[in-house]
Amino acid sequence: SIPPLETKITKIYFDKTIAEILQDILEICGGGYNLDMTPKGLRIYKIGSIYAYPEFRLSPNTQLLYSPSIRGNVSHSVSIEDMKNSIKVITETDGNYSVKKVVQDTDLIDKFGLLQEVVTIDPEKENADIVAQQKLSQLSKIQESYSFEIIEAVDSYTRAGYLISVDGIDYLIEGSSHSIKNDAHFVKLELKKFW
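A.B. asks: Can you explain the sheet that holds strand β12 (residues 184-193)? Please cite residues and give values.
C.D. replies: With antiparallel pairing, five strands are arranged side by side in an open sheet as β5-β9-β12-β11-β10. Two strands in the sheet have a free side with no partner beyond their single neighbour: β5 (72-79) and β10 (163-166). Sheet twist, expressed as the average angle between the axes of neighbouring strands with direction ignored, equals 35°. Bridge count for β10 against strand β11 (residues 169-181) is four bridges, and the pairing is antiparallel. Looking at the pairing, L163 lines up with L172 of β11.

In structure tokens:
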């Protein structure tokens, strides 16, 4: 199972494993892909394109329950440490600085105060408007991490790279650790908010 990848690959690979070649090709295609093995073979997918829906039964005669609705060992943190809500794009020529563009997220500034990033560009190679908008889009996010343990059916397998919904909010699964104890399938999930 492979998604459409439009990028033409012109490299010739020597002394590389198949896994290294695949990882390199996926990076050339823009990154953000995950690959794994399933019973049907190799699967490559865009990270965040598949939803996990882990379920389990308390006993054989009860209905299925959505596993994240019953979670244990919960850890949840929210941080604005790396967030920026204002981007100032400047150029420098012979020690003289010139402001080319300033873009801001006024809602975030009203809520958290001004958190600015200054970016220096080469005006002959980069467009100030595009750089400013891309940086603001990339940096104007609150970092939220979440981890907890769930129980899911033994024949189910929640994987990193999937999305999962918790209390109506989508999170990207960054890591999952699986263990079987007393015939129960325990999964420790490491999540971050999906924007």
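Past the structure itself, the notes keep going.
A.B. asks: Go over the sheet that holds strand β7 (residues 96-104) with me, naming the residues and quoting the values.
C.D. replies: Across the sheet, three strands lie side by side as β7-β6-β8; this open sheet has mixed pairing. With partners counted over all chains shown, the strands left at the sheet margins are β7 and β8 (116-120), one partner each. Along the sheet, successive strands turn relative to each other by an average axial angle of 25°, direction set aside. Two strands pair when backbone bridges link them, and strand β6 (residues 86-93) and β7 are joined in this way by eight bridges, in the antiparallel orientation. Opposite K88, over in β7, you have V102 as the bridge partner.

Cut-offs used in this document
Residues numbered from 1 in each chain as written. Predicted model: local features only at pLDDT ≥ 70, side-chain atom pairs only at ≥ 80, totals over all residues. Heavy atoms only, no water. Pairing = 2+ DSSP bridges. Helix = DSSP H or I, 4+ residues; strand = E, 2+ residues; numbered from the N terminus. Axes fitted to C-alpha atoms, helices over the stretch in contact; angles between N-to-C directions.

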